[in-house]
Amino acid sequence: MKKEQAMNYEQLEIPGGVPVKMWTNGVPVEEEAKNQLRNIARLPIVFKHVAVMPDVHLGIGATIGSVVPTLKAIIPAAVGVDLGCGMMACKTTLTASDLPDNLSGVRAAIERAVPVGMTPKRFGRDKGSWDTPPSETDRAWAGLVDEFKEICEAHPRIEKTNNYKHLGTLGTGNHFIEICLDEHQSVWVMLHSGSRGVGNRFGTYFIERAKHEMRRWFINLPDEDLAYFAEGSEGFNDYVRAVAWAQKYALANREVMMDQVLTVLRKTFPDLTVT
């Protein structure tokens, strides 16, 4: 491994593969993750080099916290299963002095307004989904449902997901809703979530489809989770369309949640507006 001082990264040379550039100075990287990076770098479809961020850690086939450029192919496992995961933030007209010393009441109200978490299927209704979705969910779903049905016509196994009742909910893992301050003491609402259960189903389903394609064409890989679709294939086109839809869903999910949180805040702070 050699260190490029000017760029502040270390470069891992991979025999039979592209280089791995690691922006991980001072950060321990687990050996299992390095092995995944070596496997990725040896794929014939990876272009130029693999880039590794400080948060790199073991994933499914591909490490989380890495950038894997591909040429005329796509690896579903490298894209992941939280499709469209992202952030949204709104600056309000409130300042720190407007907030009470204790925000527990505001937090409890937000938790009542936005379903959080997940209940295993064996315990009945998922607490992380709506019992009765709000009108904002209905409007958002109306703009998504037709294309979803078209995707499911080609891939019926992805239809039975908690798609409609998850729209506008937070989920689990590293997803969050936060009331925070900027350097000028302005109050912001920030949240982080993705495409929920339906995106996860899309991801896992197409990972398996890609594995099938590799077996069909007798393509041997260092890790079967690195299975890919070649550009122009039916699997490639269907997957890209599904991911694009999941990204729309994820954006709508954040928009509904943000609307719910702002509605809660306006009950406590009637003069609140978004700037």
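As shown above, the structure is provided for reference.
So, a few notes on the structure that sits alongside this text. (Residues numbered from 1 in each chain as written. Predicted model: local features only at pLDDT ≥ 70, side-chain atom pairs only at ≥ 80, totals over all residues. Heavy atoms only, no water.)

1. A few points about the packing of helix 6 (residues 196-216) against helix 7 (residues 234-268)
Packing of helix 6 against helix 7 leaves a shortest axis separation of 9 Å and a crossing angle of 165 degrees. The orientation of helix 6 with respect to helix 7, classified from their angle, is roughly antiparallel. As for the relative orientation of helix 6 and helix 7, their crossing is left-handed in sense. Contacts between helix 6 and helix 7 involve Arg196, Val198, Phe202 and Phe206 from the first element and Gly235, Asp238, Tyr239, Ala242, Trp245, Ala246, Tyr249 and Asn253 from the second. Across the contact of helix 6 with helix 7, the residue classes break down as eight nonpolar, two polar and two charged. (Axes fitted to C-alpha atoms, helices over the stretch in contact; angles between N-to-C directions. Helix = DSSP H or I, 4+ residues; strand = E, 2+ residues; numbered from the N terminus. Parallel < 35°, antiparallel > 145°, perpendicular 65-115°, else oblique. Left-handed = near helix turned anticlockwise from the far one by under 90°. Contact = heavy atoms within 4.5 Å. Nonpolar A, V, L, I, M, F, W, Y, C, P; charged D, E, K, R; others polar.)

2. What to know about the layout of surface pockets
Any empty space left between atoms is shown by rolling a water-sized probe over those atoms. When its volume is computed, the largest pocket comes out at roughly 700 Å³. Met118, His166, Arg196, Gly197 and Asn200 are, among the 21 residues lining the largest pocket, the residues nearest its centre. A per-class count over the lining of the largest pocket returns three nonpolar, 12 polar and six charged. Forming the boundary of the second largest pocket are 25 residues, of which Ile64, Ala77, Ala78, Val79 and Gly80 lie nearest the centre. Counting residues per element, the ones that place at least two in the lining of the second largest pocket are strand 4 (50-57), strand 5 (64-67) and helix 2 (76-79). In the lining of the second largest pocket, the residues fall into 15 nonpolar, eight polar and two charged. (1 Å grid on protein atoms, 1.4 Å probe; cavity = no way out; pocket = protein on both sides within 12 Å on 5 of 7 lines; lining within 4 Å. Points joined across faces, edges and corners; volume = space filled by probe spheres on them.)

3. Focus on the environment of aspartate 182
Mapped onto the elements, aspartate 182 comes out in the loop between strand 8 (176-181) and strand 9 (186-193). In this structure aspartate 182 comes out as buried when scored by relative accessible area, which is 16%. Aspartate 182 sits 24 residues away from isoleucine 158 along the chain, and the two C-alpha atoms are 41 Å apart. Aspartate 182 has contacts with Lys91 and Trp188, leaving out every residue within four places of it along the chain. In this structure the side chain of aspartate 182 is engaged in a polar contact, spanning 2.8 Å, whose partner is the backbone nitrogen of histidine 184. (Buried < 20%, exposed > 50% of the residue type's maximum accessible area, 1.4 Å probe, protein only. Polar contact = N/O pair within 3.5 Å; in protein donor to acceptor, adjacent residues only side chain to side chain.)

4. Concerning helix 4 (residues 135-142)
Regarding helix 4, the residues found buried are Thr137, Ala140 and Trp141. Looking straight down helix 4, one finds its buried side chains confined to an arc of 95 degrees; they lie on one side. Every exposed residue of helix 4 that faces more than 90 degrees away from the buried side is listed here: Arg139 and Ala142. Residues of helix 4 that are buried make contact with helix 5 (145-154) and helix 7. (Arc of directions from axis to C-beta.)

5. Re the packing of aromatic side chains
As enumerated under the stated definition, the model contains 13 aromatic pairs in all. Pairing tyrosine 205 with phenylalanine 206 gives two aromatic rings, centres 5.0 Å apart and planes at 85 degrees, and the pair type is edge-to-face. Each member of the pair, tyrosine 205 as well as phenylalanine 206, is classed as buried. (Phe/Tyr/Trp six-rings, centres within 6.5 Å; stacked < 30°, edge-to-face > 60°.)

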